[in-house]
Amino acid sequence: MRKSLKERAKRIKLLILDVDGVLTDGSIILDSHGNEIKAFHVRDGHGVKMAQKAGIIVAILSGRNSKVVEQRAEELGITEVYQGIYKKSSVYESLLRKYNLTDENVAFMGDDIVDIELLKRAGLPAVPKDADNGVKKLAVFVSSKKGGRGAVREIIELILRSSGCWESVSGESLG
């Protein structure tokens, strides 16, 4: 029998996020000077800060390189940032060793076929609502939100509520 979603979520110590289609809506906008523009949802960013406050390590793992992603990661205090990585399993393995974790301690949110390997390994495989349909089948958690529109915040809230940290990091009272 598969572990319940809550049981999986309360074991999470590391959250790995894809960028395009997860932290963003997947659009790549270039201005007339070749500058890349991405839109990030503020609640996703706030969720990252709450996860960090609860002691969860947040990592970014993207197949593309983007200065905009570097800037957003810096703003959020994310130090584990890996870009231009097509074979994501090598970074995944490195993070497990670095933090002495196992697959069951990892939540991974991806949205496309390049994410399949990690979705199969992570203890809590998650996808946004608008992920590739084939990839959705591998997820234990499918967000009710689209990529770049609150999906990251939703998985973080699940993790924090399941581990009993939500109230302390969100400021939400129990009464």
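Residues numbered from 1 in each chain as written. Predicted model: local features only at pLDDT ≥ 70, side-chain atom pairs only at ≥ 80, totals over all residues. Heavy atoms only, no water.

Visitor: Sorry if this is basic, but what is going on with the pattern of salt bridges here?
Guide: Once the charged atoms of two side chains with opposite charge are near each other, the side chains can pair. Across all of its chains, the model carries 15 salt bridges by this definition. Salt-bridge contacts for D103 lead to R121; the nearest nitrogen and oxygen are separated by 2.9 Å. With D103 in the loop between α4 (89-99) and β6 (106-109) and R121 in helix α5 (residues 116-121), this pair connects stretches of sequence that are 18 residues apart. Among the residues examined, D103 registers a relative accessible area of 25% and is labelled partly exposed. Residues participating in the shared-partner salt-bridge network are D20, E36, K38 and R64. (Salt bridge = Lys/Arg side-chain N within 4 Å of Asp/Glu carboxyl O. Helix = DSSP H or I, 4+ residues; strand = E, 2+ residues; numbered from the N terminus. Buried < 20%, exposed > 50% of the residue type's maximum accessible area, 1.4 Å probe, protein only.)

Visitor: Help me out: how do you make sense of the environment of R64 in this one?
Guide: Tracing the backbone through its elements, the reader meets R64 in the loop between β4 (57-61) and α3 (67-76). Assessed through its relative accessible area of 32%, R64 is described here as partly exposed. Sequence separation between R64 and V152 is 88 residues; the distance between their C-alpha atoms is 19 Å. Sequence-distant contacts of R64, that is, excluding residues within four places in its chain, are made with D20, I28, E36, K38, Q83 and G84. Of the polar contacts made by the side chain of R64, one reaches the side chain of E36; its length is 2.8 Å. (Contact = heavy atoms within 4.5 Å. Polar contact = N/O pair within 3.5 Å; in protein donor to acceptor, adjacent residues only side chain to side chain.)

Visitor: Would you mind going over a positive patch on the surface with me for this structure?
Guide: Judged by side-chain charge, R43, K129, K145 and K146 come together as a positively charged surface patch. Here K145 is to be found in the loop between β8 (141-142) and α7 (151-162). What makes K145 partly exposed here is its relative accessible area of 38%. (Patch = residues over 30% accessible without salt bridge, like charges linked within 9 Å, V, L, I, M, F, W, Y side chains within 5 Å. Areas by Shrake-Rupley, 256 points an atom, 1.4 Å probe, with all protein chains shown as cover. Lys, Arg positive; Asp, Glu negative; His and termini not counted. Charge placed at Lys NZ, Arg CZ, Asp CG, Glu CD.)

Visitor: Explanation requested: α7 in the structure shown.
Guide: One turn of the α-helix equals 3.6 residues, which is why residues spaced by three or four share an orientation. Between the first and last C-alpha of α7 there are 17 Å, a value that for 12 residues agrees with the 16 Å anticipated at 1.5 Å per step. Most of α7 is tucked away, with 9 of its 12 residues classed as buried. (Expected span 1.5 Å × (residues − 1).)

Visitor: Teacher, can you tell me more about the nonpolar core here?
Guide: A general trend in soluble globular proteins is that nonpolar side chains are found buried together. Residues L17, L124 and I155 are the most contacted members of the largest nonpolar core, which totals 31 residues. Listed by contribution, the elements that provide at least two residues to this core are β1 (14-17), α2 (42-53), β4, α3, β6, β7 (124-127), α7 and α8 (166-170). Ranked by the residues each element gives to this core, the list is headed by α7, at 7 residues. For L17, the residues in contact, after removing those within four places along its chain, are V22, L23, V48, V58, A59, I60, L61, M109 and V152. Grouped together as the second largest cluster of nonpolar side chains are 18 residues, L95, L96, L119 and A122 included. (Core = buried A, V, L, I, M, F, W, Y, C linked by side-chain atoms within 4.5 Å.)

Visitor: Whenever I open this one, the pairing of β6 confuses me. Can you help?
Guide: Moving residue by residue along a regular strand, the side chains alternate between the two faces of the sheet. Every second residue of β6 is oriented toward a common face, with V106 and F108 on one face and A107 and M109 on the other, all of them buried. Inspection of the sheet shows β1 paired to β6 by 4 bridges, in the parallel sense. Paired with L14 across the two strands is V106, which belongs to β6. Here β6 pairs with β7 via 3 bridges, running parallel. Looking at β7, one finds that A107 is bridged to L124. At this point the chain moves from β6, through α5, to the parallel β7, and the crossover so formed is right-handed. (Pairing = 2+ DSSP bridges. Right-handed = clockwise from strand over helix to strand, strands pointing away.)

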